[in-house]
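What follows is the residue order along each chain.
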Amino acid sequence: MLAVSDRWETVNATADLTWFDWSGNMLNSTSQDLTIPSLNISQVYSASGLDTILPNGSNASGVFMLLNISANLEGETISAEQYVSLL
């Protein structure tokens, strides 16, 4: 997953990755601070193998992930959400 910045200055942001089951129950959540250089596309998340991607005890057809990237720019919180399903 990628974050794109068209700003002339570096952007400090936070990426929150949260796994849910299809009933809406949160299964796992992690947060990561990011520094995105000016005029840049930065990789936010990369993983391979279902054993490393899915929450413990989950299968690919029973979960989805919400990726939320947020940053405070010029006194405003800017955020972008992306939902990912492995179906």
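Residues numbered from 1 in each chain as written. Predicted model: local features only at pLDDT ≥ 70, side-chain atom pairs only at ≥ 80, totals over all residues. Heavy atoms only, no water.

Asks: Looking at this model, I keep getting lost on the pairing of strand S1 (residues 2-5). Mind explaining?
Replies: In the case of a regular strand, side chains alternate between the two sheet surfaces. With burial as the criterion, only one face of S1 is covered, namely that bearing Ala-3 and Ser-5; the residues Leu-2 and Val-4 on the opposite face remain uncovered. Pairing between S1 and strand S4 (residues 40-43): four bridges, direction antiparallel. Residue pairing in the sheet places Leu-2 in a bridge with Gln-43 of S4. (Buried < 20%, exposed > 50% of the residue type's maximum accessible area, 1.4 Å probe, protein only. Helix = DSSP H or I, 4+ residues; strand = E, 2+ residues; numbered from the N terminus. Pairing = 2+ DSSP bridges.)

Asks: Just to check I follow, could you spell out the packing of aromatic side chains for this structure?
Replies: Each aromatic ring pair is described using two quantities: the centre-to-centre distance and the angle formed by the ring planes. Counted under the stated rule, the structure contains three aromatic pairs. Plain terms: the ring middles of Trp-22 and Phe-64 are 4.8 Å apart, the flat faces sit at 35° to each other, and that makes the pair tilted. Taken as a pair, Trp-22 in the loop between strand S2 (11-21) and strand S3 (26-36) and Phe-64 in strand S5 (residues 63-73) lie far apart in primary sequence, 42 residues in all. On the basis of relative accessible area, Phe-64 is assigned to the buried category, the value being 15%. Here the aromatic residues Phe-20, Trp-22, Phe-64 and Tyr-83 are joined through ring pairs into a cluster of three or more. (Phe/Tyr/Trp six-rings, centres within 6.5 Å; stacked < 30°, edge-to-face > 60°.)

Asks: Whenever I open this one, the nonpolar core confuses me. Can you help?
Replies: Generally speaking, nonpolar side chains in soluble globular proteins are found buried as a group. Within the largest apolar cluster, 19 residues are counted, with the highest numbers of intra-cluster contacts made by Ala-15, Leu-34, Val-44 and Ile-69. Where this core is concerned, the elements lending two or more residues are S2, S3 and S5. For this core, the element with the most residues is S5, which contributes six residues. Those residues in contact with Ile-69 that lie beyond four places of it in its chain are Ala-3, Ala-13, Thr-14, Ala-15, Leu-34, Val-44, Ile-78, Ser-79 and Ala-80. (Core = buried A, V, L, I, M, F, W, Y, C linked by side-chain atoms within 4.5 Å. Contact = heavy atoms within 4.5 Å.)

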